[in-house]
Amino acid sequence: MTTDARKARVTGASSTIPATGSIQSALANAAAGVSLRQVTKKYGPVTAVETITLDIPAGYYCCLLGPSGCGKTTVLRMIAGHEEITSGDVFIGDRRVNDIPAAKRNTSMMFQSYALFPHMTVWQNIEFGLEMQKISDTERKARVGEMLELVGLSHLSNRKSSQLSGGQQQRIALARALVTRPQVLMLDEPLSALDENLRVQMRTELRRIQKQFGMTFVQVTHHTEEAFSLSDMVVVMSHGRLDQVATPSQMFKAPASQFVAKFMGDNNIFQGKVRHCIPEPASDVDVIELEVDGIGSLYSQGYAVPLGSTAACSVRPDLIRIEAIGAGSGQPNHRVNHVTARIVSIEMTGYVTRITLMEEKTGKDLLCKVRTTDWEADPYSEGQVVSLRWSEGDCVFLPH
Ligand code: ATP
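Being a predicted model, the structure only gives us computed values, none of them experimental.

Cut-offs used in this document
Residues numbered from 1 in each chain as written. Predicted model: local features only at pLDDT ≥ 70, side-chain atom pairs only at ≥ 80, totals over all residues. Heavy atoms only, no water. Near = heavy atom within 4 Å. Polar contact = N/O pair within 3.5 Å; in protein donor to acceptor, adjacent residues only side chain to side chain. Areas by Shrake-Rupley, 256 points an atom, 1.4 Å probe, with all protein chains shown as cover. Helix = DSSP H or I, 4+ residues; strand = E, 2+ residues; numbered from the N terminus. Nonpolar A, V, L, I, M, F, W, Y, C, P; charged D, E, K, R; others polar. Domains from an automatic or database assignment. Buried < 20%, exposed > 50% of the residue type's maximum accessible area, 1.4 Å probe, protein only. Contact = heavy atoms within 4.5 Å. Phe/Tyr/Trp six-rings, centres within 6.5 Å; stacked < 30°, edge-to-face > 60°. Lys NZ or Arg CZ within 6 Å of the ring centre and 35° of its normal.

With that out of the way, let us pick up the site of the ligand. Close to the ligand lie Tyr43, Ala48, Pro67, Ser68, Gly69, Cys70, Gly71, Lys72, Thr73, Thr74 and His222, which account for all nearby residues. For the ligand, an oxygen atom lies 2.5 Å from a polar atom in the side chain of Ser68. The side chain of Thr73 places a nitrogen or oxygen atom 2.4 Å from an oxygen atom of the ligand. Protein contact buries 59% of the 640 Å² of open area that the ligand shows by itself. Broken down by element, the shell around the ligand gets its largest block of residues, three residues, from helix H3 (residues 72–80). The residue inventory of the shell around the ligand, partitioned by class, reads four nonpolar, six polar and one charged.

Following this line, the structure appears as structure tokens:
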């Protein structure tokens, strides 16, 4: 995203928060970018993070996504200063923070468990960090009041934190993390303890607050949907390395590797060997013809790779058309991918109907997703053999 686009996003945010000018400017001015340069973290023989370089611009919401053990939390903890780095450099804004202790990095961390003090009131919980910083009484009072207003819980200021619901505790934890006006807020799976409805509600709330003030948030999550809905920038990690850094939309439309395509779930991935790379004069990408055992040629868009190399292509389940056998055969198009498959099961999940199929020649499992209204207008039955088609432009080439 360009700086202008980001500014437009930030300034164009909704004005549902009755924020005072002071809090707005204090939080926005505090925001700093984060840079990791060739950072490695080893725990004895275990390499948790390996030579990663990552730039998170100021004011971005960045989500670190990946399977358990891939190194997400270690990255977060190294930025926060809770973990020493083995080699490389970490910058917050222009400041190299390798040797600066956590308490002096101007960052805040919000934990999955919220880590509120149960014997203290809501007010005292939020005020605690300011007392540690020896902020004056008047300033403390003003800042805690503003934060309570920001998270909409002013009426609960005298309640003990142990007497709050999960969602309320989460809001207080956020207020406590922001009251010190950190340059970067780190969030370690902040929504995972909440039930599904509350999680969606709180994720909207987090995004609203981050967006309104243009703060820098870095969050760890296991959930693709959560990362996509919150972020300006998604980082997918595996085995201590970065697999892809992209906007949610780029990552959804064009996963950069088989790992990312699989991790996002539901993509149909075909393994094969590159037979041809066909330059497209009007485009900066080539059409790649992949020879897939038992299926034949499948066409996707990508960048030229050596002929004969092993690779894959991926198509999203919502981009495959289901047709009756023989339909469309009057307009042959060698660039339209085509396989024949038998419908194994049909699940209506609400707006979307999931159709699981088995490719006729290879037995490969395939998945299509169709809007329920479209499916019901033109349904097929379990056991029926159908034709599946998708264009080369909807198919992403994935080199090994
Ligand atoms: P999860 O999603 O399960 O929290 P993660 O992606 O956050 O996982 P990390 O917690 O960063 O992964 O761990 C990365 C790797 O480093 C894992 O193999 C883990 O076992 C290892 N690791 C983490 N902390 C330590 C430690 N203190 N000592 C030894 N190994 C560790």
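There's more to say after this.
Below, the discussion takes up the domain arrangement of the protein chain. Looking at the protein chain, the domain boundaries give domain 1 (3–253) and domain 2 (266–398). Relative to domain 2, the C-alpha centre of domain 1 lies at a distance of 40 Å.

Another aspect to go through is the side chain of Gln258. Tracing the sequence through the fold places Gln258 in helix H10 (residues 258–263). On the basis of relative accessibility, which here comes to 10%, the residue Gln258 falls in the buried class. Discounting chain neighbours no more than four positions away, the residues touching Gln258 are Ile269, Gln271, Ala311, Ala312, Leu398 and His400.

Now for the packing of aromatic side chains. Counted under the stated rule, the structure contains six aromatic pairs. Between Phe117 and Phe128, the ring centres sit 4.9 Å apart and the planes meet at 65°, which makes this aromatic pair edge-to-face. Here Phe117 is found in the loop between strand E6 (107–110) and helix H4 (122–132), whereas its partner Phe128 is found in helix H4, with eleven residues between them in sequence. Given the relative accessible area of 27%, Phe128 is considered partly exposed. Ring geometry for Phe228 against Phe252: centres 6.4 Å apart, planes inclined by 80°, an arrangement best described as edge-to-face. Taken together, the residues Phe228 in helix H8 (residues 224–230) and Phe252 in helix H9 (residues 248–253) connect sequence positions 24 residues apart. In this structure Phe252 comes out as partly exposed when scored by relative accessible area, which is 37%. Sitting over the ring of Phe270, Lys364 keeps its end group 5.2 Å from the ring centre.

Attention shifts here to H4. Every buried residue belonging to H4 is among Val122, Asn125, Ile126, Glu127 and Leu130, and all of these are buried. Residues of H4 that are buried in the fold lie against helix H5 (137–150) and helix H6 (166–178). Directly after H4, the chain includes Lys134, whose backbone phi takes a positive value near 55°.

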